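Okay, here's what each chain looks like letter by letter:
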Amino acid sequence: DSITWGSEVQAPAQGSIVDFQFRLACDDDNGTAMCHYKKSGTDNYIVGMVTNSSDNSLTVGSTYVDYGSNLQADAADLVYDTNNNKYVLLWETSSALKVSYATVNSSNGNAGGEGGVTNLTSYHTFDAQLQYDPTNQVFVAAWGSNSDNRVKARAFTFNGSAFTSGTEIASAYTGEVQERTASDVDMYYNPDANDFGFGYREND
């Protein structure tokens, strides 16, 4: 019923960070963590970390993975794949939704090993969310579609180097969700029921 804090640490930033949005995921098996953040424009980076539960310390790695000008809008959503021991990233470009993977070294916290970039869509998306079912080793992504303003979702699997996706599904009506500055879509995975669900803001 209490929290004991460790010391605050700071990751060395690549340039001037003007977008304060970031995403964070952790690996309970090996004590690693990964943070994804945006720099100015569309540049973005991955920072790896290693935690130590015995003294609440945190070691920040030195490797930054740059996806260059590919990323648009939000920072990438992250989940940890317990089967392949890799982090899976869901990220948006101006014309597609993509999935990829990266790793964090459990001894020094260095991030790297990015690859497997695969398109989940071929149109502009917003508020993309990602969840993972470790029991069945399946991922589900949900997002808003800018072309018809529907909420859409797609399941996919990962074998450690490549992604295989299922059929895209969509909400019943066009115009159900709008792209705004605030978050419009959120998602959860329920391990007790082994199912996924998502909610969204309809129009206004």
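Residues numbered from 1 in each chain as written. Predicted model: local features only at pLDDT ≥ 70, side-chain atom pairs only at ≥ 80, totals over all residues. Heavy atoms only, no water.

Topic: the overall build of the protein
Counting its secondary structure elements, the protein contains zero helices and 15 strands. In the protein, which comprises 204 residues, the share counted as buried stands at 44%. When the accessible surface of the protein is summed, it comes to about 10300 Å², and 44% of that surface belongs to carbon and sulfur atoms. (Helix = DSSP H or I, 4+ residues; strand = E, 2+ residues; numbered from the N terminus. Buried < 20%, exposed > 50% of the residue type's maximum accessible area, 1.4 Å probe, protein only. Areas by Shrake-Rupley, 256 points an atom, 1.4 Å probe, with all protein chains shown as cover.)

Remarks on the sheet that holds strand β4 (residues 57-60)
One open sheet accounts for four strands, arranged β1-β2-β3-β4; its pairing is antiparallel. Looking at which strands have only one partner, the edges of the open sheet turn out to be β1 (22-27) and β4. Adjacent strand axes in the sheet meet at a mean angle of 25° when their direction is disregarded. As paired strands, β1 and strand β2 (residues 32-38) are joined by six bridges and run antiparallel to one another. When the sheet's bridge partners are listed, F22 is paired in β2 with Y37. (Pairing = 2+ DSSP bridges. Axes fitted to C-alpha atoms, helices over the stretch in contact; angles between N-to-C directions.)

Let's talk about the environment of L78
Assignment of secondary structure puts L78 in strand β5 (residues 77-81). In this structure the C-alpha to C-alpha distance between L78 and C35, which are 43 residues apart in sequence, comes to 8.3 Å. In this structure, L78 is in contact with R23, L24, A25, M34, C35, H36, V88 and L89, ignoring residues within four places of it in sequence. (Contact = heavy atoms within 4.5 Å.)

Re the packing of aromatic side chains
Taken as a whole and judged by the stated rule, the model has nine aromatic pairs. Relative to Y87, the ring of Y80 lies with its centre 4.9 Å away and its plane at 65°, an arrangement referred to as edge-to-face. Of the two residues, Y80 and Y87, both sit in the buried class. Chaining the aromatic ring pairs together yields one cluster made of Y101, Y132, F139, F156, F158 and F163. (Phe/Tyr/Trp six-rings, centres within 6.5 Å; stacked < 30°, edge-to-face > 60°.)

Concerning the pattern of salt bridges
Close approach of charged atoms allows side chains with opposite charge to pair. Counted by the stated rule, this structure contains four salt bridges. Of the charged contacts, one joins K152 and D148 as a salt bridge, the two residues approaching to 3.2 Å between their closest N and O atoms. With relative accessibility at 19%, the residue D148 sits in the buried group. The partner of K152 in a salt bridge is E168, with the nearest N and O atoms 3.7 Å apart. Placement of the pair is K152 in strand β11 (residues 151-158) and E168 in the loop between β12 (163-165) and β13 (169-170), with a sequence separation of 16 residues. Residue classification places K152 among the buried positions, given a relative accessible area of 8%. (Salt bridge = Lys/Arg side-chain N within 4 Å of Asp/Glu carboxyl O.)

What to know about the sheet that holds strand β6 (residues 86-92)
The four strands are arranged β5-β6-β7-β8 in an open sheet whose pairing can be described as antiparallel. Edge positions in the sheet fall to β5 and β8 (111-119), since each has one partner strand and no second. Going across the sheet, the axis of each strand differs from the next one's by a mean of 25°, ignoring polarity.

Purely geometric numbers; function is a separate question.
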